[in-house]
Amino acid sequence: MNHTIIKLLRCPVCQSSMNVTDDGRVCRCRGPRTHCFDFARSGHLHLGGPHAGEGDTKEAVLARRAFLDAGYYRQLSDTVNEILDTLPSATVLDAGCGEGYYTNRMAVGRDVLGIDLSRAGIEYAARRAKQLQTRAGFAVASLFSMPVQNAALDAVINLFAPCAEEEFSRVLKPGGHLILVGAGERHLMGLKKVLYENPYFNSTRADLPTKMKTVMQKRLQTEITVEGVQMIRALFSMTPYYWRTCETDRAKLDRLDTLTTELDFDIFVFRKGI
Ligand SMILES: [Zn+2]
């Protein structure tokens with residue numbers, strides 16, 4: 001974790017700023033009690049409260065990593081990066097970064113802090129950052145109580161994760177931007193057509209910010225063909241349908257060798273007031 005990212009952090013216990021010991025193994029706060037947090041071997045920190053670590057399981061993380069690494073959502077990642085390039089974005093927070101696919105692709109030419117509740121997700125994200133030598137750093141923590149300084153960031157990214165508007169606003173600099181992505185109405189229609197007799201359209205995210213100003217709205221539509229039953233299953237496991245589809249319907253996917261489906265993303269850019 002580089003020093004720019006350490007400077008963005010605050011102690012989850014006493015909210016003091018943090019620094020790193022000379023041997024680089026411990027992050028400690030400057031508060032009167034000097035709270036200490038060990039860096040994991042892969043380079044990340046555990047800065048969560050009692051609920052941290054309850055995010056996605058290792059199995060879910062592995063499936064998503066396999067799917068994303070195959071490049072099926074690369075266009076979304078590129079589009080988000082292109083938007084970031086047009087904004088002040090020297091320091092970015094990826095709130096709900098999962099296994100860090102998007103985060104590490106963002107962290108080229110800018111410093112990105114990735115936060116997620118899933119230990120398994122953060123572990124992979126941090127390992128990947130080391131391998132690829134990106135400028136991303138990762139911490140396990142809740143989005144609703146982030147170990148991040150006030151008004152510290154140029155931009156916050158929120159891809160499919162819950163929107164904690166108040167907390168995002170707290171960590172953004174005045175005039176900073178929030179990029180939020182949700183499923184568009186036709187997202188994964190091809191998958192839903194296989195599963196259901198009467199697939200319905202998705203509705204817009206219900207948790208859009210209410211206090212920030214919308215400065216841009218963009219729709220990204222494309223089509224992918226997912227190859228192989230493993231990848232199709234991996235895609236399915238990333239969706240909210242995974243948990244509410246019965247066994248008989250699930251089995252329909254296992255009979256496919258390829259799956260062609262629409263992708264449809266709603267991308268919003270909000271700006272915090274000055
Ligand atoms: Zn402290």
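For the structure given in this document, a descriptive report is provided here.

Rules used in this analysis
Residues numbered from 1 in each chain as written. Predicted model: local features only at pLDDT ≥ 70, side-chain atom pairs only at ≥ 80, totals over all residues. Heavy atoms only, no water. Helix = DSSP H or I, 4+ residues; strand = E, 2+ residues; numbered from the N terminus. Rg over C-alpha atoms; globule rule 2.2 N^0.38 Å. Contact = heavy atoms within 4.5 Å. Areas by Shrake-Rupley, 256 points an atom, 1.4 Å probe, with all protein chains shown as cover. Donors = N, O, S within 2.8 Å, 3.2 Å for Na, K, Ca; no water. Buried < 20%, exposed > 50% of the residue type's maximum accessible area, 1.4 Å probe, protein only. 1 Å grid on protein atoms, 1.4 Å probe; cavity = no way out; pocket = protein on both sides within 12 Å on 5 of 7 lines; lining within 4 Å. Points joined across faces, edges and corners; volume = space filled by probe spheres on them. Core = buried A, V, L, I, M, F, W, Y, C linked by side-chain atoms within 4.5 Å.

In this section: the overall build of the chain. In terms of helices and strands, the chain carries nine helices and 11 strands. Compactness check: the chain gives a C-alpha radius of gyration of 19 Å against a globular reference of 19 Å for 274 residues, within 12% of the reference. With the principal axes as the frame, the chain shows a C-alpha extent of 60 × 40 × 30 Å. Put simply, 68% of the contacts in the chain that link residues at least 6 apart link residues at least 24 apart. Element-wise, carbon and sulfur atoms account for 47% of the exposed surface of the chain, whose accessible area totals about 13300 Å².

Taken together, C11 (SG), C14 (SG), C29 (SG) and H35 (ND1) make up the protein donors of the zinc ion, found 2.1 to 2.3 Å from the metal. In the primary sequence, the donor residues of the zinc ion line up as C-x2-C-x14-C-x5-H. Of this pair, C11 sits in the loop between α1 (3-8) and β1 (18-20) while H35 is found in the loop between β2 (26-29) and β3 (36-38), placing the two residues 24 residues apart along the sequence. Comparing C11 with H35, the two get one shared label, buried.

What follows concerns the layout of surface pockets. Of the pockets and cavities examined, the largest pocket occupies roughly 1400 Å³. D56, R64, F160, M238 and T239 are, among the 47 residues lining the largest pocket, the residues nearest its centre. Secondary structure elements with two or more residues in the lining of the largest pocket: α2 (58-69), α4 (101-106), β9 (172-183) and α8 (229-237). Ranked by the residues each element gives to the lining of the largest pocket, the list is headed by α2, at five residues.

On to the nonpolar core. F67, Y73 and V226 are the most contacted members of the largest nonpolar core, which has 48 residues in total. Those residues in contact with V226 that lie beyond four places of it in its chain are F67, Y72, M231, I232, L235, D257, T258 and L259. Listed in part, the 35 residues of the second largest apolar core include I5, C27, L178 and F270.

Interpretation note: all reported values are geometric properties and have no functional meaning in isolation.
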